[in-house]
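Structural characterization, general
In case you want the letters, here they are:
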Amino acid sequence: MEKAQHILDTPIAYLKGVGPLRAELLQQELRIFTFRDILFHFPFRYVDKTKVHRISEIREEGQQVLLKGTLVSLEKVSMNNRRYRLTGLFKDASGFIELTWFQGVKWLEKSLKPGRQYSVFGKLSKYGSKKSIAHPEMEEIDANKASIQPQLSPVYPSTEKLNKRGLDAKARRKMIIEVFQKLKPRDIPETLPQYILDKIKLINRYEAIRDIHFPKSSESLKLATNRIKFEEFFMLQMRMLLSKKNRQSKLKGAIFGSIGEQFNYFFKNILPFALTGAQKRVLKEIRHDLGSGIQMNRLLQGDVGSGKTIVGLMTMLMALDNGFQCALMAPTEILAQQHFASIAESLEHMDIRVEFLSGSVKGKKRKLILEDLAAGEISILIGTHALIEDPVQFKNLGLAIIDEQHRFGVKQRSRLWTKNNDIAPHILVMTATPIPRTLAMTVYGDLDVSVIDELPPGRKEIKTIHRTESHRSKIISFMHHEIGKGRQIYVVFPLIEESANLDLQNLNDGYEQLLQYFPKPNYQISVVHGRMKAADKDAEMQRFVEGKTQIMVATTVIEVGVNVPNASVMIIENTERFGLSQLHQLRGRVGRGAEQSYCILMSSYKVSKEGKERIKTMVETNDGFKIAEADMRLRGPGNIEGLQQSGIMDFKLLNLVQDNEIIKVARHYAEQVIEDDPNLMKDANLPLKRAVMGMRNRIKDWGRIS
Ligand code: ADP
Ligand code: MG
């Protein structure tokens, strides 16, 4: 049986003035297929039609101006290669201005009528004293329609192709008017429960969408956008909280009821320092999860050097004490190896079998590991993403720890769940990239979050300074000084992904230069970059870790996690090419021992405004959360590493940086609804239930974020 089609599902070809050709163009260019798509394709700005400029008074090149007056004449001017441009002379009471078009000449020539009144909107260009506007938006002023002309006129995103084919701003506005004439309020049903609308005074959905396209005033526009922003975040939170609930009810977790022998032995005899208050608190939170019978999904956030690894290790001991296996996954071979080396060493005197697995472990060795793992003879497996590949099967995986989440796709995370037959392993994700709170709620809304917000005692704040090429010789002597004290130094070059050759050359030049100042055999320099074989990389890295080399020249491959406490200087070349969070990660490679550490940010003299802002932020603060906030402000949340793929950042109106207040309120109400009516059974929540179900049908892979 075919269901009656909802009016919003009507193809746009049925709209007056569109037809099949233009419909196809709208599909190709803007992915507008149906009436619904038109409605939800919002204006990206509004022209304030209350402020009309006078031609004689506009001066500033590039200034956006709105003029009202008469189109005096129109002329098609031949250019070379058989192309034409269209020029028009336009006047108001104060003077004349030239209008020009290079695209869509044919159509414009037909549609623009000299002698008639227009409002003209565009950017002013000046050639000497001559003023002109290229590609202005034109709208005829119709005396009869004047009363319904909105004061705030919406401007829709468009493309050159669309403009060329006459689907310009004006035509788009006409389409929306057409659609609205066909709609009744009930065709845009409410999605939020009435009690929420009442409580926080939100306008209903129909009104909101109408007013976004046809705002009566800036106040009504504000009410409309706030309503939609609220809905956007609220619905996202509902989705996340429901998926969390769903998982919790379905996914039983292994119960690690007791703290046992191995944990206690480690705690009493091996742990070389006292845990910080934050580490203790986080361990308590984890212990609570592990004893609850529900699968743990916890994100552990902690700035670089805050001591996440030991928390991970002690969590593994809890699992072992309860008879389960553990996996620890790291994003790079080097990091995985380093974890393996330090954990194997820590557990040396305990009867715990720890093995390493990555793509580089092959042949007999690999086969043996896989067999022993399946037989339950290996307790802890440490490695790279090789751990989640198909042939790897555990006997009873109870806990999987993922270090440095951002390099790990969400999909990969969920593959861990298939490693056991009946019970999903507990999952602990550790990340050193602090995420601003609003963003954490967005991306990890379905995870529980623990934060280590305290560094181990005795750490000295890393001194960060900004230097340019003219300081080079001073820096070289500073390096000699530090090496003389027995310290080690990183020198990092940017990784230019589009141009691996240039990148390598940069690094090689730097290396050659350093060789002159730090000649063999008195000095040894390690070199590590992304294009080396894994084994060579590791060997080089290892020499540095063991103190056999004094300087490590590298690209950002060392960014994540590497721990060499004796290294006290981080020199970053071409600092302006790095993002803020990357710089912070790099800086976190030093300051890990008791010595005073330094981070020297090298840049050229000429740095963009944003680059300067990044450098300034780095010099001013060591606080990862502050840096994350600044990063989000500078680049916008969409650019934060790891989030693009998440596919959940495509809000139409909500701005994660600016709409803090709305985000907080929406999160609060979503939590309340779930607490009060987890299965959305109450009548009052019916609109919401329908909306969530509809969303599920439309967004097929909504579950992948969990
Ligand atoms: P990250 O959180 O960046 O992964 P690590 O776990 O690598 O940090 O820890 C950084 C360093 O701090 C390591 O050398 C670790 O042994 C040390 N460390 C961790 N916790 C403490 C503590 N409570 N007291 C002293 N040193 C600690
Ligand atoms: Mg770490």
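Structural data are supplied above this passage.
Below is a summary of the structure that appears in this document. (Residues numbered from 1 in each chain as written. Chains lettered and ligands numbered in written order. Predicted model: local features only at pLDDT ≥ 70, side-chain atom pairs only at ≥ 80, totals over all residues. Heavy atoms only, no water.)

Re the sheet that holds strand 17 (residues 488–492)
Across the sheet, which stays open at both edges, the six strands sit in the order 16-21-20-17-19-18 with parallel pairing between neighbours. At either end of the open sheet lies a strand with only one pairing partner, and these are strand 16 (463–467) and strand 18 (525–528). Recorded for the sheet is a direction-independent mean angle of 15 degrees between the axes of neighbouring strands. Both strand 16 and strand 21 (residues 598–602) contribute to a ladder of five bridges, which runs parallel. By the bridge assignment for strand 21, Lys463 is matched with Tyr598. Lying on the sheet, helix 18 (residues 534–545) is in contact with strand 17, strand 18, strand 19 (551–554) and strand 20 (567–572); it crosses strand 18 at an angle near 145 degrees. Its contacts with the sheet put helix 19 (residues 580–587) on strand 16, strand 17, strand 20 and strand 21, and the angle it makes with strand 20 is roughly 155 degrees. (Pairing = 2+ DSSP bridges. Helix = DSSP H or I, 4+ residues; strand = E, 2+ residues; numbered from the N terminus. Axes fitted to C-alpha atoms, helices over the stretch in contact; angles between N-to-C directions. Contact = heavy atoms within 4.5 Å.)

A closer look at helix 12 (residues 333–346)
Counted at 1.5 Å a residue, the expected span for helix 12 with its 14 residues is 20 Å, and the 20 Å between its end C-alpha atoms agrees. Burial in helix 12 covers these residues: Glu333, Ile334, Leu335, Ala336, Gln338, His339 and Ile343. (Expected span 1.5 Å × (residues − 1). Buried < 20%, exposed > 50% of the residue type's maximum accessible area, 1.4 Å probe, protein only.)

With respect to the sheet that holds strand 10 (residues 325–329)
Here seven strands make up an open sheet; going across it, the order is 11-12-10-13-14-9-15 and the pairing parallel. Two strands bound the open sheet, and with one partner strand each, they are strand 11 (354–357) and strand 15 (448–452). Across the sheet, the mean angle separating the axes of adjacent strands is 20 degrees when strand polarity is ignored. Strand direction decides the pairing type here: strand 11 and strand 12 (residues 380–383), joined by four bridges, are parallel. Paired with Leu357 across the two strands is Gly383, which belongs to strand 12. Here helix 12 sits on the sheet in contact with strand 10, strand 11, strand 12 and strand 13 (397–403), set at roughly 170 degrees to strand 11.

A few points about the site of ligand 1
Around ligand 1, 16 residues are found, and the nearest of them are Gln279, Gly305, Lys308, Thr309 and Arg459. Here a nitrogen atom of ligand 1 and a side-chain polar atom of Gln279 are 2.9 Å apart. In the environment of ligand 1, an oxygen atom lies 2.6 Å from a nitrogen or oxygen atom belonging to the side chain of Thr309. Here ligand 1, which alone exposes 560 Å², has 83% of that area covered by the protein. Grouping the amino acids of the shell around ligand 1 by side-chain chemistry returns five nonpolar, seven polar and four charged. (Near = heavy atom within 4 Å. Polar contact = N/O pair within 3.5 Å; in protein donor to acceptor, adjacent residues only side chain to side chain. Areas by Shrake-Rupley, 256 points an atom, 1.4 Å probe, with all protein chains shown as cover. Nonpolar A, V, L, I, M, F, W, Y, C, P; charged D, E, K, R; others polar.)

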